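Coordinates in review
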Amino acid sequence: MEYSPFLHCLHVVPSSHVRNKLFVFCIMLSLWVYMIYCCVGYCSTVPNLTYGSARRRESAAGADNRDSSLGASRDLLNNENELDGRGDEWDEVRGEARALDDTAVSDFLNETESKKLPQAIIIGVKKGGTRALLEFLRLHPDIRAVGAEPHFFDRNYDKGLEWYRELMPKSSEGQLTMEKTPSYFVTREVPSRIYAMSKDTKLIVVVRNPVTRAISDYTQTLSKKPEIPSFESHMFKNKSAGLIDTTWSAVKIGMYARHLERWLQFFLIEQLLFVSGERLITDPAGEMARVQDFLGLRRVVTEKYFHFNPAKGFPCLKRPELNTKPHCLGKTKGRTHPNIDPEVVQTLRDFYKPFNRKFYEMTGHDFGWDPE
């Protein structure tokens, strides 16, 4: 028998049965310590959700102070933050960080999830409010959406569907996979490519008054390149003749009816939902009810998820189950539009009227952009 000082002091002689139990206990204890060590090591590599949330709250507070000094003319659907000097990269950087926050822990805990091609896509339009809609949808437990804009069907199509699938977040059975890339709506080749992937894909288009959208588009570019010519010089091909340059992207995107014709060559109108960018501000819960119905989802994201910020003039998000401070999207929402000659603006309104009327007829909905 092995000598044990502790047992010797107690004058106890352990039986072989007791020694076996002690041996098994030591092995089990060692295994538990090792598992805890591995978990701690893994967690150190997962994004710090609390820290990230705190940083976002600090950034939002700073943005509140900056926005309070802006004038009354505001771009309420501007999606960029202080990184907007990098152009479209902001959506990808911020979105990917959010995607990591949302998926890292759930992927670790649920290995039965898999990556799927999207069943629904937000296809447009730029400066319409697509980022706001995506963030609203990501509050829904049955939606898994990639934060970055993949630009697969317009810029990366040659990389193949498996490359595209790998960009998607993991989802479980019953969850809907989504992405958003606003340039899809105006890119000629995209409708046929999405149809080739799946003819049953549900498509969402966020539209906005094309005049306001064009000015917002120009304002974003101006913030990055202050030396560019005026809005007026871009808009006219021949000012004296009143001829508008329809090749300028800021104008071209707003010709919604012309772009929609290409989509209807492949998809039924019932497969497209047209969301009002203006109503995403004035009645976000109402628009979200329409979107959730269209996607066949429960109406989970309701008015309790929104808090209207009167200082900013648009709704902020909140999670009622967590009772946290509302989180406002777009830290530079409120960017001041440049002063544009009212006659130039009216000329652009008149230009869009026939396109708007046709768009209303095609969609069966009057968006009210042309008040009499």
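These numbers were taken from a predicted model, which means no experiment stands behind them. (Residues numbered from 1 in each chain as written. Predicted model: local features only at pLDDT ≥ 70, side-chain atom pairs only at ≥ 80, totals over all residues. Heavy atoms only, no water.)

This part is about the side chain of Asp370. With respect to the helices and strands, Asp370 occurs in the segment after helix 15 (342–363). Side-chain polar atoms of Asp370 contact the side chain of Asn356, separated by 3.1 Å. Excluding residues within four positions of it along the chain, Asp370 makes contact with Lys353, Asn356 and Tyr360. (Helix = DSSP H or I, 4+ residues; strand = E, 2+ residues; numbered from the N terminus. Polar contact = N/O pair within 3.5 Å; in protein donor to acceptor, adjacent residues only side chain to side chain. Contact = heavy atoms within 4.5 Å.)

This next bit is on the UniProt feature "binding site: 3'-phosphoadenylyl sulfate" (unreviewed entry) in the chain. UniProt's feature table lists "binding site: 3'-phosphoadenylyl sulfate" (unreviewed entry) at Lys127, Gly128, Gly129, Thr130, Arg131, Arg208, Ser216, Lys333, Gly334, Arg335, Thr336 and His337, given in the numbering used throughout. Looking at the secondary structure, you find Lys127 in the loop between strand 3 (120–124) and helix 5 (130–137). You can call Lys127 buried: its relative accessible area is 4%. Locating Thr336 in the fold gives a position in strand 13 (residues 335–336). (UniProt positions renumbered as here; feature names shortened; annotations may be inferred. Buried < 20%, exposed > 50% of the residue type's maximum accessible area, 1.4 Å probe, protein only.)

Here the residue pair Gly124 and Val125 is connected by a cis peptide bond, since its omega of -5° sits within 30 degrees of zero. Looking at where Val125 falls in the secondary structure, it is placed in the loop between strand 3 and helix 5. A positive phi angle, close to 60°, is found at Lys127, a residue other than glycine. For His151, which is not a glycine, the phi torsion comes out positive at approximately 50°. Tracing the chain through its elements places His151 in the loop between strand 4 (143–145) and helix 6 (152–155). You can call His151 buried: its relative accessible area is 4%.

Close approach of charged atoms lets side chains of opposite charge pair. Applying the stated criterion across every chain, the model contains 16 salt bridges. Between Asp350 and Lys353 there is a salt bridge, and its shortest N-O distance comes to 3.8 Å. Residue Asp350 and its partner Lys353 are both found in helix 15; the two are separated by 3 residues, about one turn of the helix. On the basis of relative accessibility, which here comes to 27%, the residue Lys353 falls in the partly exposed class. A network of salt bridges, in which partner residues are shared, links Arg279, Asp283, Glu287 and Arg290. (Salt bridge = Lys/Arg side-chain N within 4 Å of Asp/Glu carboxyl O.)

Counting 29 residues, the largest nonpolar core has Ile121, Ile123, Phe153, Ile194, Trp263, Leu272 and Phe359 as the members making the most contacts within it. Of all the secondary-structure elements, those providing two or more residues to this core are strand 3, helix 6, helix 8 (190–197), strand 7 (202–207), helix 12 (256–263), strand 10 (272–276) and helix 15. Top contributing element to this core by residue count: helix 12, with 4 residues. Apart from the residues lying within four places of it in its own chain, the contact partners of Leu272 are Ile123, Leu203, Val205, Leu260, Trp263, Leu264, Phe267 and Phe294. (Core = buried A, V, L, I, M, F, W, Y, C linked by side-chain atoms within 4.5 Å.)

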